[in-house]
Amino acid sequence: YYKSQSAVQTDIVFNSTLMAELLQVALRIAVTDATVLIQGESGTGKSMLAKFIHKNSPRSSQPFIEINCGAIPDNLLESELFGYEKGAFTGANDRGKAGLFELANGGTLFLDEIGTMPLHLQVKILRAIQEKEVIRIGGSSYTSIDIRVISATNTDLVDAVRNGSFRKDLYYRLNVCQIEIPPLRNRKEDI
């Protein structure tokens, strides 16, 4: 799978050599199916880079599903990610609901602010990535999934692993390919 330079899909506006080099790296990563960890300060364009990777990948015609892990309360995050069966809990939809892992099947799941993920959900995410299957809340059988996971954070996950707030095995599973987006102050020609 290879795209010519004219076929590259981007909404990213830049003028710096630093960003041109970063996007070349992202293009080389895009053609693989490896998990990607994007790091950078708030406002550097981590979400845009994740979309860039997806748009230039063999999965580009499939769904790109994005979730901000820090914006959803812990008690709702699990049902958003993994879905639930009918009657799984009080107030559950009568028909159940597919989770974002299922909705992203064939495409890309972008986990923004992964550093805020609660420990009890990190185990389930690790299993979903490793085994390529998920189980809904209240479910009794696994559903196979074929997704690429891209995650992003503005926190230092190495420190989080050291202090016990982020699982080491999940960190290594997410950090197959790492891209660090430099802050705008280091690439002023992009202003």
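Above this text sits the structure in question.
Keep in mind it's a predicted model, so treat the numbers as computed, not measured.

Comments concerning the layout of surface pockets
For step 1, the next point in the chain: Taken as a whole, the largest pocket encloses approximately 200 Å³ of empty space.
For step 2, the next point in the chain: As for the largest pocket, its lining consists of 14 residues, of which Asp 33, Thr 35, Ile 129, Lys 132 and Ile 147 are closest to the centre.
For step 3, the next point in the chain: At the level of secondary structure, the elements contributing two or more residues to the lining of the largest pocket comprise α5 (119–131) and β8 (148–153).
For step 4, the next point in the chain: Sorting elements by how many residues they give to the lining of the largest pocket places α5 first, with three residues.
For step 5, the next point in the chain: When the residues that make up the lining of the largest pocket are grouped by side-chain class, the tally is eight nonpolar, two polar and four charged.

Quick word on the packing of helix α1 (residues 17–30) against helix α2 (residues 46–55)
For step 1, the next point in the chain: Where α1 meets α2, the closest approach of the two axes is 8 Å, and the angle between their N-to-C directions is 45°. Taken together, the axis directions place α1 and α2 in an arrangement best described as oblique. Pair α1 / α2 crosses with right-handed handedness. Across the interface between the two elements, Leu 22, Leu 23, Ala 26, Leu 27 and Ala 30 of α1 pack against Leu 49, Phe 52 and Ile 53 of α2.
For step 2, the next point in the chain: Its residues assigned to classes, the contact of α1 with α2 comprises eight nonpolar, no polar and no charged.

Side note on the pattern of salt bridges
Any two side chains of opposite charge can pair, given that their charged atoms come close.
For step 1, the next point in the chain: Within this structure, the stated rule accounts for 11 salt bridges.
For step 2, the next point in the chain: Across the salt bridge formed by Arg 185 and Glu 41, the nearest N and O atoms sit 2.5 Å from each other. In this pair, Arg 185 sits in the segment after β9 (177–180) while Glu 41 sits in the loop between β1 (36–39) and α2, placing the two residues 144 residues apart along the sequence.
For step 3, the next point in the chain: On the accessibility criterion, Glu 41 (36% relative accessible area) is partly exposed.

Let's talk about the environment of Met 48
For step 1, the next point in the chain: Positionally, Met 48 belongs in helix α2.
For step 2, the next point in the chain: Spatially, the C-alpha atom of Met 48 lies 6.9 Å from that of Ile 12, the residues being 36 residues apart in sequence.
For step 3, the next point in the chain: If we skip the residues at most four places from it in the chain, Met 48 touches Asp 11 and Ile 12.

Quick look at α1
For step 1, the next point in the chain: For α1, which comprises 14 residues, the first-to-last C-alpha distance of 20 Å matches the rise-based estimate of 20 Å (1.5 Å per residue) to within 8%.
For step 2, the next point in the chain: Residues of α1 that are buried include every one of Met 19, Leu 22, Leu 23, Ala 26, Leu 27, Ile 29 and Ala 30, and no others. Down the axis of α1, the buried side of the element spans an arc of 160°, and every buried residue falls inside it. Of the exposed residues in α1, the ones pointing more than 90 degrees away from its buried face are Thr 17 and Arg 28.

Conventions adopted
- Residues numbered from 1 in each chain as written.
- Predicted model: local features only at pLDDT ≥ 70, side-chain atom pairs only at ≥ 80, totals over all residues.
- Heavy atoms only, no water.
- 1 Å grid on protein atoms, 1.4 Å probe; cavity = no way out; pocket = protein on both sides within 12 Å on 5 of 7 lines; lining within 4 Å.
- Points joined across faces, edges and corners; volume = space filled by probe spheres on them.
- Helix = DSSP H or I, 4+ residues; strand = E, 2+ residues; numbered from the N terminus.
- Nonpolar A, V, L, I, M, F, W, Y, C, P; charged D, E, K, R; others polar.
- Axes fitted to C-alpha atoms, helices over the stretch in contact; angles between N-to-C directions.
- Parallel < 35°, antiparallel > 145°, perpendicular 65-115°, else oblique.
- Left-handed = near helix turned anticlockwise from the far one by under 90°.
- Contact = heavy atoms within 4.5 Å.
- Salt bridge = Lys/Arg side-chain N within 4 Å of Asp/Glu carboxyl O.
- Buried < 20%, exposed > 50% of the residue type's maximum accessible area, 1.4 Å probe, protein only.
- Expected span 1.5 Å × (residues − 1).
- Arc of directions from axis to C-beta.

Bear in mind that shape data such as this cannot, by itself, settle questions of function.
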